[in-house]
Amino acid sequence: SCVFVSRAINGLLNDSAAARGEYPQGVDFHKPAGKFRARMMINGTKKHLGYFLSPEEASTAYRAAKRAHILAVASEQNDTRIAAGLLAHANLLGDV
(Lines give C-alpha, C1' and ligand atoms only; values in the text may rest on other atoms or scores of the structure.)
Protein backbone atom coordinates (compact mmCIF):
# COMPACT_ATOMS: atom_id res chain seq x y z
CA SER A 1 0.00 0.00 0.00
CA CYS A 2 1.02 3.61 -0.36
CA VAL A 3 0.88 6.47 2.10
CA PHE A 4 1.94 10.09 1.74
CA VAL A 5 4.47 11.24 4.30
CA SER A 6 5.75 14.68 5.18
CA ARG A 7 8.94 16.02 3.67
CA ALA A 8 10.60 15.78 7.10
CA ILE A 9 9.83 12.06 7.42
CA ASN A 10 10.86 11.38 3.83
CA GLY A 11 14.19 13.13 4.49
CA LEU A 12 14.64 11.11 7.66
CA LEU A 13 14.51 7.89 5.64
CA ASN A 14 16.67 9.05 2.71
CA ASP A 15 20.24 7.72 2.77
CA SER A 16 21.67 10.19 0.18
CA ALA A 17 23.85 7.42 -1.25
CA ALA A 18 24.63 9.34 -4.44
CA ALA A 19 26.03 12.34 -2.54
CA ARG A 20 27.70 10.54 0.34
CA GLY A 21 31.28 10.04 -0.81
CA GLU A 22 33.73 7.48 0.50
CA TYR A 23 32.59 7.23 4.13
CA PRO A 24 29.44 5.68 5.63
CA GLN A 25 26.31 7.80 5.98
CA GLY A 26 26.71 10.50 8.64
CA VAL A 27 30.52 10.25 8.67
CA ASP A 28 33.24 12.52 7.31
CA PHE A 29 36.90 13.16 8.04
CA HIS A 30 37.45 16.37 10.00
CA LYS A 31 40.93 17.58 9.01
CA PRO A 32 41.45 20.10 11.85
CA ALA A 33 40.75 17.40 14.46
CA GLY A 34 42.46 14.64 12.47
CA LYS A 35 39.57 12.34 13.30
CA PHE A 36 36.36 11.01 11.83
CA ARG A 37 33.26 13.00 12.70
CA ALA A 38 29.69 11.77 13.06
CA ARG A 39 26.82 14.20 12.44
CA MET A 40 23.16 14.04 11.59
CA MET A 41 20.36 16.41 10.69
CA ILE A 42 17.55 16.91 13.21
CA ASN A 43 14.78 19.33 12.24
CA GLY A 44 17.02 21.03 9.68
CA THR A 45 19.94 21.51 12.07
CA LYS A 46 23.20 19.54 12.00
CA LYS A 47 23.82 17.78 15.28
CA HIS A 48 27.44 16.93 16.10
CA LEU A 49 27.73 13.41 17.54
CA GLY A 50 31.46 13.33 18.23
CA TYR A 51 34.94 12.62 16.87
CA PHE A 52 36.21 9.07 16.46
CA LEU A 53 39.40 7.25 15.53
CA SER A 54 37.80 5.18 12.77
CA PRO A 55 34.94 5.57 10.31
CA GLU A 56 33.39 2.41 11.79
CA GLU A 57 33.22 3.94 15.28
CA ALA A 58 31.72 7.14 13.87
CA SER A 59 29.21 5.11 11.86
CA THR A 60 28.15 3.18 14.97
CA ALA A 61 27.50 6.46 16.80
CA TYR A 62 25.57 7.83 13.82
CA ARG A 63 23.43 4.71 13.47
CA ALA A 64 22.58 4.70 17.20
CA ALA A 65 21.59 8.39 17.13
CA LYS A 66 19.63 7.98 13.89
CA ARG A 67 17.77 4.96 15.29
CA ALA A 68 16.90 6.84 18.50
CA HIS A 69 15.65 9.82 16.50
CA ILE A 70 13.52 7.64 14.20
CA LEU A 71 12.00 5.89 17.24
CA ALA A 72 11.16 9.26 18.79
CA VAL A 73 9.53 10.48 15.58
CA ALA A 74 7.61 7.18 15.27
CA SER A 75 6.17 7.61 18.76
CA GLU A 76 4.71 11.00 17.73
CA GLN A 77 2.79 9.66 14.70
CA ASN A 78 -0.99 9.45 14.61
CA ASP A 79 -1.04 7.32 11.45
CA THR A 80 -0.19 3.75 12.46
CA ARG A 81 1.08 2.97 8.93
CA ILE A 82 3.70 5.70 9.18
CA ALA A 83 4.65 4.66 12.72
CA ALA A 84 5.03 1.03 11.61
CA GLY A 85 7.17 2.05 8.65
CA LEU A 86 9.43 4.14 10.86
CA LEU A 87 9.77 1.29 13.37
CA ALA A 88 10.70 -1.08 10.53
CA HIS A 89 13.33 1.38 9.30
CA ALA A 90 14.73 1.78 12.83
CA ASN A 91 15.03 -2.01 13.05
CA LEU A 92 17.07 -1.99 9.83
CA LEU A 93 19.62 0.15 11.63
CA GLY A 94 19.91 -2.64 14.19
CA ASP A 95 20.61 -2.64 17.87
CA VAL A 96 23.76 -0.57 18.22
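Above this text you will find the structure in question.
Residues numbered from 1 in each chain as written. Predicted model: local features only at pLDDT ≥ 70, side-chain atom pairs only at ≥ 80, totals over all residues. Heavy atoms only, no water.

Caption draft 1: Highlighting the overall build of the protein. Looking only at helices and strands, the protein has 3 helices and 3 strands in total. When the backbone C-alpha atoms are referred to their principal axes, the protein occupies close to 45 × 25 × 20 Å. Out of the 96 residues belonging to the protein, those deemed buried represent 28%. Of the contacts formed within the protein by residues at least 6 apart in sequence, a portion of 39% connects residues at least 24 apart. Surface summary for the protein: the accessible area is close to 6,400 Å², and the carbon and sulfur share equals 53%. The centroid of the 12 positive side-chain charges in the protein is displaced by 6 Å from the centroid of its 8 negative side-chain charges. (Helix = DSSP H or I, 4+ residues; strand = E, 2+ residues; numbered from the N terminus. Buried < 20%, exposed > 50% of the residue type's maximum accessible area, 1.4 Å probe, protein only. Contact = heavy atoms within 4.5 Å. Areas by Shrake-Rupley, 256 points an atom, 1.4 Å probe, with all protein chains shown as cover. Lys, Arg positive; Asp, Glu negative; His and termini not counted. Charge placed at Lys NZ, Arg CZ, Asp CG, Glu CD.)

Caption draft 2: Summary view of the pairing of strand E3 (residues 45-52). Bridge count between strand E2 (residues 35-42) and E3: 7 bridges; the pairing is antiparallel. Residue pairing across strands places Met41 opposite Lys46, the latter belonging to E3. Hairpin connection from E2 to E3: 2 residues lie between these consecutive antiparallel strands, with Asn43 at a positive phi of about 55°. (Pairing = 2+ DSSP bridges.)

Caption draft 3: Looking closely at the pattern of salt bridges. Applying the stated criterion to the full structure yields 3 salt bridges. Measuring nitrogen to oxygen at the nearest pair gives 2.7 Å for the salt bridge that ties Arg37 to Asp28. The exposure class of Arg37 is buried, given its relative accessible area of 14%. Judged by relative accessible area, which is 21%, Asp28 ranks as partly exposed. Within this structure, Asp28, Arg37 and Arg39 form a network of salt bridges that share partners. (Salt bridge = Lys/Arg side-chain N within 4 Å of Asp/Glu carboxyl O.)

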